[in-house]
Amino acid sequence: HPLCHLRHLDSAKFCCSICLDLLKDPVTIPCGHSYCMSCIKDCWDGEEHKEIHSCPQCRQTFTPRPVLVKSAMLAALVQEVRKTGLGDGDVACDVCTGRKRKALKSCLVCLASYCEQHLQPHHQSPAFEKHKLISPFKQLQENICSRHNEVMKIFCRTDQQFICYLCSMDEHKGHDTVSAAAECTEKQSELRVRRQKIQQRIQDREKNVKVLRQEMQAINRIADEAVGSSKKVFTELVCLIEKRKSDMKQQIRSEQKEEVRRIEELQEKLRQEVVDLRREDAELEQLSHTEDHNHFLHSYPSLSRLSESAESPSADIHPLRYFEDVTAAVSQLRDKLQDILSEEWSKSSLTVTGVGDVLLTPGEPKTRAELLQHSRQLTLDPNTAHVWLSLSEGNRKVTLEVLTLEEERLGLSSSFFSTNKFFGASQVLSREGLTGRCYWEVERKGRRISIAVAYKNISRTGSECVFGCNDKSWALDCFDDCYQFSHSNIATPISGPQSSRIGVYLDHSAGILSFYSVSETMTLLHRVQTTFTQPLYAGIWLWTHPGATAELCKLN
């Protein structure tokens, strides 16, 4: 049977020259070359504009396009090659000679790997019952001690390495040793704990992603609603202006019609007067040529009275003044409307970019009950705490301690070489990074305590590490009788009711940070609108007053 000779064949002979992988649904075209059915089909489909198709290897042409039929025999050969051939991640059988078959199992007792054929004795012979079979493993020989040529079944915890039983009685004598199985069991337990933490972090990140997705959807929805509402308002405004425009046009045309009618009437009167005056002038001219003195003296008085009694209608009218007044009034209206629109748009822009992005932060909490819906239970990270600080209450409370000179010297020396501990100020950061919407409260006791948020990469030494004295932190400094807000080394005095409890609200995506005085009532002390580029961490700074404390409160 031809399949019996597969171990002597090169798997490269069964590869498609288009995708360079083992043939899938192999077809053979008239020139004798073979390809994956999908590969040669896609190749020819891309030549639909051609009437003649060719072989990608030998370039022999075919008219019409050949019908592709799967080769059953070639498919069976390829399938067998897949079973017997070795891939990049496969382990070779240690018993096979010539062409190596793929190993199915490795034996930890024999320290060898076996294919399906050579594995049979382990399944059939009682002599191999206690041998432990595992998934194929390449580095089996690494389990042999290079010094004593014995299997290494012991783990030395002192030197953190595998050893054989002879090593445990020689250079590892007296060391803390356990069986490799016991060490593996303990490490597996640690691994499970680590996996649980990682899975929890994955859940947290996925939750944050979900929150951000909801925020993005809300932003898009609110923006669409704002565009629609603004469009409606401007449409109404345009309609109102169009109506005023139509009314003004109608009013002007009406006034125009009335003025034209008055002028036409005046013209008609003037024409009639001209006719009368011409007739009178003709009569007077005729009278002036009469030689009959009696007739002249008898007719003249009546003609003279007619001329003197006629009154000429006045043509002194100013119709253009009305239209000039209308044009001036419309121009004034335009200027006022332009001023109003400019002023209101400036207010709208200021609202969006500086004072409070109501379009991007729908439903910002106003009451403590609403704020508590976003409460987060935070803990402090001891790895960041200055040597003067002591954590308690499950790492929720921090206290400024009094140290002896020797304790302080030793503590500062050790923290100097730590990349996470604060060295320049008695500060500490939270363990949890903050994104999305978060709210927490801090109960303080001391003369001067700063409650802050900061990026994780804030400096740990020098004046640059102090909360509020750099562009990587925002701090509310609480004194005995007043407050101040600090950022980028700029301090802003703040007035507000004194309280031992301070609330902090963060909307990371909207760039909003608010500080509240919490007592029987909630009072907003200060609100920041900015852009946060990294996750934030809650921070506490206890100034140099021993005994000062601050605690992250448990919120219901």
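See the structure shown above.
Residue numbers restart at each chain and count upward from 1, following the sequence in its written direction. The predicted origin of the model limits local features to residues at a pLDDT of at least 70 and limits the giving and counting of side-chain atom pairs to 80 or more, whereas totals for whole chains, interfaces and linings rest on all residues. The basis for the side-chain values is all heavy atoms of the structure; hydrogens and waters are excluded.

> Which residues make up the overall build of the protein, and what values do they have?
Elements are defined by DSSP. Helices are runs of H or I of four residues or more, strands are runs of E of two residues or more, and each kind is numbered from the N terminus. Along the backbone of the protein there are nine helices and 23 strands. Three exposure classes are used, based on accessible area relative to the maximum for each residue type with a 1.4 Å probe and protein chains only: buried under 20%, partly exposed in between, and exposed over 50%. Counting only residues that meet the buried cut, the protein has 30% of its 556 residues in that class. The criterion used for residue contact is that any of the two residues' heavy atoms lie within 4.5 Å. Restricting the contact set of the protein to residue pairs at least 6 apart, pairs at least 24 apart contribute 56%. In these tables, accessible area is a Shrake-Rupley quantity obtained with a 1.4 Å probe, and a residue counts as shielded only by the protein chains included in the view. When the accessible surface of the protein is summed, it comes to about 35,500 Å², and 53% of that surface belongs to carbon and sulfur atoms.

> I'd like a description of the side chain of Ser 473, backed by residues and values.
Considering the arrangement of structural elements, one finds Ser 473 in strand 16 (residues 473-478). Given a relative accessible area of 0%, Ser 473 falls into the buried group. Polar contact is defined as a pair of N or O atoms within 3.5 Å, subject to the rule that within protein one atom must be able to donate a hydrogen and the other to accept it, and that residues adjacent in sequence are counted only when both atoms are side-chain atoms. A polar contact of 2.8 Å, which involves the side chain of Ser 473, links it to the backbone nitrogen of Gly 468. A distance of 2.8 Å separates the side chain of Ser 473 from the side chain of Asn 470, its partner in a polar contact. Not counting the four nearest positions on each side in its chain, Ser 473 is found in contact with Val 453, Ala 454, Ile 458, Val 466, Phe 467, Gly 468, Ser 486 and His 487.

> How would you summarise the layout of surface pockets if you had to cite specific residues and measurements?
Buriedness of a pocket was judged along seven lines, with at least five required to meet protein on both sides within 12 Å; pockets are open sets of points on a 1 Å grid over the protein atoms alone, cavities are sets where a 1.4 Å probe fits but cannot get out, and lining residues have an atom within 4 Å of a point. Grid points are joined across faces, edges and corners, and a volume is the space filled by probe spheres set on the points. Empty space within the largest pocket amounts to approximately 1,000 Å³. Lining the largest pocket are 32 residues, and of these Asp 204, Arg 205, Arg 376, Glu 432 and Gly 433 sit closest to its centre. Counting residues per element, the ones that place at least two in the lining of the largest pocket are helix 5 (180-288) and strand 14 (437-445). The biggest single contributor to the lining of the largest pocket is helix 5, with ten residues. Residue ranges labeled as domains rest on an automatic or database domain assignment. Summarising the domain contributions, the lining of the largest pocket has at least three residues from each of domain 3 (196-304) and domain 4 (368-552). What the second largest pocket holds in volume is close to 600 Å³. What lines the second largest pocket is a set of 17 residues, and nearest its centre among them are Leu 108, Asn 143, Met 152, Ala 180 and Ala 181. Here the element with the most residues in the lining of the second largest pocket is helix 5; it accounts for six residues.

> Describe helix 1 (residues 37-45), with residues and values.
Buried residues of helix 1: Cys 39, Ile 40 and Trp 44, and no others. Projected onto a plane normal to the axis of helix 1, the buried residues spread over an arc of 125° and lie on a single side. By definition, the arc is the one covered by directions from the helix axis to the C-beta atoms.

> Pulling in residues and values, what's your account of the sheet that holds strand 12 (residues 397-400)?
The seven strands are arranged 11-12-23-14-19-20-21 in an open sheet whose pairing can be described as antiparallel. Both outer strands of the open sheet, strand 11 (389-392) and strand 21 (522-529), are each paired with one neighbouring strand and no more. Within the sheet, the average angular offset between the axes of one strand and its neighbour, ignoring direction, is 20°. Note: two strands are recorded as paired if DSSP finds a minimum of 2 bridges between them. Orientation is described by lines fitted to C-alpha atoms, with helices fitted over the stretch in contact, and by angles between N-to-C directions that extend from 0 to 180 degrees.

> An account of the pattern of salt bridges is needed here, citing residue identities and associated values.
Each salt bridge in this description consists of a side-chain nitrogen of Lys or Arg and a carboxyl oxygen of Asp or Glu lying within 4 Å of one another. Under the definition given, this model contains 25 salt bridges. As a salt-bridge pair, Asp 247 and Lys 243 come within 3.3 Å of each other at their nearest N and O atoms. A residue pair is termed a helical-turn pair when its members lie 3 or 4 positions apart in one helix, as Asp 247 and Lys 243 do in helix 5 at four residues. Taking relative accessible area as the criterion, Asp 247 reaches 31% and is therefore assigned partly exposed. For the salt bridge of Arg 262 with Glu 259, the shortest nitrogen-to-oxygen distance reads 3.0 Å. With Arg 262 and Glu 259 both in helix 5 and three residues apart, the pair spans about one turn of that helix. For Arg 262, a relative accessible area of 39% corresponds to the partly exposed category. Within this structure, Arg 157, Glu 183, Glu 186, Lys 187 and Glu 190 form a network of salt bridges that share partners.

> Provide a residue-level description of the environment of Ala 182, including the pertinent values.
Locating Ala 182 in the fold gives a position in helix 5. On the basis of relative accessible area, Ala 182 is assigned to the partly exposed category, the value being 36%. Ala 182 sits 28 residues away from Ile 154 along the chain, and the two C-alpha atoms are 9.1 Å apart.

> Lay out the sheet that holds strand 6 (residues 112-114) with the relevant residues and their values.
Strands sit in the order 6-5-7 across an open sheet of three strands; the sheet is antiparallel. Each edge of the sheet is formed by a strand with only one pairing partner; in this case those strands are strand 6 and strand 7 (133-134). Note: strand 5 (residues 105-107) against strand 7, two bridges, orientation antiparallel. Its bridge partner being in strand 7, Cys 107 is matched across the sheet by Leu 133.

> Please set out the pairing of strand 14 residue by residue, giving values where relevant.
With seven of nine residues buried, strand 14 is to be regarded as a mostly interior element. Sheet topology note: the strand 14/strand 19 (residues 501-507) ladder contains seven bridges and is antiparallel. Note that in strand 19 the partner of Glu 443 across the bridge is Arg 501. Judged from the four bridges that link them, strand 14 and strand 23 (residues 549-552) form a sheet pairing that is antiparallel. The partner of Glu 443 across the bridge, within strand 23, is Glu 551.

> Would you mind going over the pairing of strand 19 in detail, with residue names and values included?
Here strand 19 lies mainly inside the structure; six of its seven residues are buried. Both strand 19 and strand 20 (residues 512-518) contribute to a ladder of seven bridges, which runs antiparallel. Residue pairing in the sheet places Val 504 in a bridge with Phe 515 of strand 20.

> Summarise the nonpolar core; cite the residues concerned and give the values.
What tends to happen in soluble globular proteins is that the nonpolar side chains get buried as a cluster. As used in this record, nonpolar core signifies buried Ala, Val, Leu, Ile, Met, Phe, Trp, Tyr and Cys residues forming a set joined through side-chain atoms within 4.5 Å. Counting 35 residues, the largest nonpolar core has Val 398, Trp 440, Trp 474, Leu 476, Leu 513, Ile 540 and Leu 542 as the members making the most contacts within it. Those residues in contact with Val 398 that sit more than four places away from it in its chain are Leu 380, Leu 389, Ser 390, Leu 391, Val 428, Ile 540, Leu 542, Ala 548, Thr 549 and Ala 550. If you look at the next biggest cluster of nonpolar residues, it comprises 17 residues, including Phe 14, Val 27, Cys 36 and Val 78.

> Summarise helix 5; cite the residues concerned and give the values.
An α-helix turns once per 3.6 residues; consequently, residues spaced three or four apart project the same way. Working rule for helices: expected span equals 1.5 Å times residues minus one. With 109 residues, helix 5 should cover 162 Å at 1.5 Å per step; its first-to-last C-alpha distance of 155 Å lies within 8% of that length. Along helix 5, the residues that are buried comprise Ala 180, Glu 183, Glu 215, Ala 218, Ile 222, Ala 226, Glu 259, Leu 266, Glu 273, Glu 280 and Leu 287.

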